[in-house]
Amino acid sequence: MSHPRQLPLLLPALTVLVSLFMIAPIALSVMAGLVNNYSAGLASGLTLRWLGEVLDVYGSTITASLLLALLCVIGSLILGVPCAYAMARSKSRWARLFEELLTLPIAVPGLATALALVLAYGQIRDFRQSFAFILVGHLVFTLPFMVRTVGAAFRRHELIALEEAARSLGANFTQRFIGVLVPAVLPAIVAASLMVFTLSVGEFNLTWMLHTPLTRTLPVGLADSYASMRIEIGSAYTLVFLFVILPVLWGLQWLGNLIEKHHGT
Amino acid sequence: MTSPSRLLSACVAPAAAFFAAFWLLPVVRLFALPADKGWATYFAVLTNSRYLQSLLNTLGLSLGVTLMTLILGGLVGITLARLNFRGKPLLLSLLTLPLSFPGVIIGFFIILLGGRQGLVADVTEWMGLGRTTFAYGFTGLFLGYLYFSLPRAIATYTAAASAMDAQLEEAARSLGASRWQVAKDVWIPELAQTTLACGAIVFATSMGAFGTAFTLASKFDVLPITIYNEFTNYANFALAASLSIVLGLITWVSLFLTHRAAGPAAAGA
């Protein structure tokens, strides 16, 4: 009789195969961005020349994306955290309906949302040609993540008791919100912020429709480089994206473990 | 002192105003737009054979990708949940890394694998079979979509399979159940909710995916690219709106129905 933990050999083999399929392109792209000549491979020697060229040609898209993501985090905090609180405390049907509506931009393809935005506000030229136009799109798309994540934290039972205690001690709403509630859900707020940041930095489906030649983000630049530049530059640019996104993802993972340790699953 | 309900309303107000102005209102306008060109515009996707073909392509591709993702993701997830080895957390985080990649990067990856300068072309040339490329047709698109769907499925299934009741499986085995019976009677029912929720998300994401197909400039027409072309190349706004409505309704309905069926337990998937 086989041991209950034993797996048929096929499964580990399949796992190796799938892992190769997932990891090989990343490795290939990192390699291609750092060698002198992609066709000649590692034999052509390593270089940082392509990274330098990416920074020359596309440097502005990197700063634009970082700034945009930062503003998106700030915006979603201002709009989302009070909203998440209200969603967690309200028992009305309207609140449920609004919460459903708010998640629609995730359920509907980004392209459709972008099309709607362009058709509704495309005529306002100063708005259309500014980064604010892209920011609005990113906010619509990221807000539900902020509201859901922080709202779930606000719903914890011990927090309701804590708020009640603060109220009975005479703390007014602002004192309770800033002094008690926000610190209590801070890990969730930070986690949601990091999530919003990565979503904004990597967003393409909306952004491609919303951008103009003067308002280009990192993924928009990536699409441009893949279409018009040599494969080494596209790869080096991809490497830049990884540099931007990896620290945030690690932070997110670390924070996830922390939350799990403190509050259980 | 302000009443609690007024307080809550004040908390929602900024988000509600923002959402109404920049999503609800534009989408209502999007819904109304095709009517300008006559009511028939709403059904263009059914009456025009080119759009219908594009929709069927997208549906077929997405269903195929979903099925493949669930099978591979499920098997890999169960395996990873059972095996313990050094570097497993690292492998898991590498496997889920592509979740945060924009579609364009995945399109580029497929070009690196199956494009004219691709890895597979090098390998097949070395084997004396000539340079094989697959990036720019159905295969490239299928693999690209599979690539961005698998991380979610692997992560979800690994988590679900780790939480699966091991005693049930051991009981089944000790009663003499074969591997196939264990899979059929224990794994599949235990993972049914995960499968439903994950399948809906993968399907909806594939239907709406734009970046990957855009980068591959695929010869295989999918609906998001058709919409984009109608809008930018032909300035056919009413038609682009009509096709977007169809696409949006398909993804929303599939997510909504599975959410209903799977219940709140699967909502986090």
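Residues numbered from 1 in each chain as written. Chains lettered and ligands numbered in written order. Predicted model: local features only at pLDDT ≥ 70, side-chain atom pairs only at ≥ 80, totals over all residues.

## What about the overall build of chain B?
When you go through chain B residue by residue, the secondary structure sums to 13 helices and zero strands. Going from the N terminus to the C terminus, chain B shows its helices and strands as α-α-α-α-α-α-α-α-α-α-α-α-α. Its C-alpha atoms give chain B principal-axis dimensions of roughly 75 × 65 × 35 Å. For chain B, the proportion of its 269 residues judged to be buried stands at 47%. Contacts spanning at least 24 positions in sequence make up 75% of the contacts within chain B whose residues lie at least 6 apart. (Helix = DSSP H or I, 4+ residues; strand = E, 2+ residues; numbered from the N terminus. Buried ≥ 20, exposed ≤ 12 C-beta atoms within 10 Å, placed from the backbone. Contact = placed C-beta atoms within 7 Å.)

## Points about the interface of chain B and chain A
Taken together, the 66 residues of chain B in the interface contact 63 residues of chain A. Residues of the side of chain B that touches chain A, tallied by class, amount to 49 nonpolar, eleven polar and six charged. (Nonpolar A, V, L, I, M, F, W, Y, C, P; charged D, E, K, R; others polar.)

## Quick word on the domain arrangement of chain A
All names here are of chain A. Domains assigned within chain A are domain 1 (1-47) and domain 2 (49-263). Put simply, the middle of domain 1 and the middle of domain 2, counted by C-alpha atoms, are 31 Å apart. Taken together, the six residues of domain 1 in the interface contact nine residues of domain 2. The residue inventory of the side of domain 1 that touches domain 2, partitioned by class, reads three nonpolar, three polar and no charged. (Domains from an automatic or database assignment.)

## Describing the packing of helix α5 (residues 110-121) of chain A against helix α13 (residues 237-262) of chain B
At a closest axis distance of 9 Å, the pairing of α5 of chain A and α13 of chain B adopts a crossing angle of 145°. You can see that α5 of chain A and α13 of chain B cross each other, and the crossing is left-handed. Where α5 of chain A approaches α13 of chain B, its residues Leu111, Ala112, Leu115 and Leu119 of chain A are matched on the opposing element by Phe237, Ala240, Ala241, Ser244, Leu247 and Gly248 of chain B. Across the contact of α5 of chain A with α13 of chain B, the residue classes tally to eight nonpolar, two polar and no charged. (Axes fitted to C-alpha atoms, helices over the stretch in contact; angles between N-to-C directions. Left-handed = near helix turned anticlockwise from the far one by under 90°.)

## Side note on the nonpolar core
Core analysis: the biggest nonpolar cluster contains 150 residues, and Cys83, Ala84, Leu115 and Val150 of chain A have the highest contact counts within it. The biggest single contributor to this core is helix α2 (residues 49-89) of chain A, with 17 residues. Leu115 of chain A has contacts with Met209 of chain A together with Leu30, Phe231, Ala240, Ala241 and Ser244 of chain B, leaving out every residue within four places of it along the chain. (Core = buried A, V, L, I, M, F, W, Y, C linked by C-beta atoms within 7 Å.)

## Things to note about the domain arrangement of chain B
Where interface size is given, it is often the accessible area lost as the parts come together that is meant. Residues and elements named next belong to chain B. Partitioning chain B into structural domains gives domain 1 (1-37) and domain 2 (40-266). Each of domain 1 and domain 2 was reduced to a C-alpha centroid, and the two centroids are 32 Å apart. Taken together, the contact between domain 1 and domain 2 spans six residues of the former and eight residues of the latter. Its residues assigned to classes, the side of domain 1 that touches domain 2 shows four nonpolar, no polar and two charged.

## Structural notes on helix α8 (residues 157-168) of chain A
Its twelve residues give α8 of chain A an end-to-end C-alpha distance of 17 Å, which sits within 8% of 16 Å, the value for a rise of 1.5 Å per residue. Across the twelve residues that make up α8 of chain A, only a small minority, one, are buried. (Expected span 1.5 Å × (residues − 1).)

## Comments concerning unusual backbone geometry
All names here are of chain B. Phi at Ala217 takes a positive value of approximately 45°, unusual for a residue other than glycine. As for its placement among the helices and strands, Ala217 is situated in the loop between α11 (211-216) and α12 (223-232). A positive phi is found at Ala235, a non-glycine position, where the angle reads about 50°. Within the secondary structure, Ala235 is located in the loop between α12 and α13.

## What to know about the confidence of the model for chain A
Averaged over all residues, the pLDDT of chain A is 91; the fraction at 70 or higher stands at 96%. Model confidence for chain A, summarised as mean pLDDT per element, is weakest for α8 of chain A at 87 and strongest for helix α7 (residues 131-154) of chain A at 96. (pLDDT = per-residue confidence, 0-100.)

## A short note on helix α10 (residues 186-202) of chain A
Given 3.6 residues per helical turn, the α-helix brings residues three or four places apart onto the same face. Under the 1.5 Å per step criterion, the end-to-end length of α10 of chain A is 24 Å for 17 residues, consistent within 8% with the ideal 24 Å. By the criterion of burial, α10 of chain A is predominantly enclosed, with 14 of the 17 residues buried.

## Considerations on the packing of helix α8 (residues 166-174) of chain B against helix α9 (residues 179-190) of chain B
Two packed helices can be described by the angle between their axes and the distance between those axes. All names here are of chain B. Close contact between α8 and α9 brings their axes to 10 Å; oriented N to C, the two are set at 150°. Between α8 and α9, the interaxial angle falls into the category roughly antiparallel. Remark: the crossing between α8 and α9 carries right-handed chirality. Here Leu168, Glu169, Ala172 and Arg173 of α8 come into contact with α9, specifically with Val182, Asp185 and Val186. Among the residues making up the contact of α8 with α9, the classes are represented as four nonpolar, no polar and three charged. (Parallel < 35°, antiparallel > 145°, perpendicular 65-115°, else oblique.)

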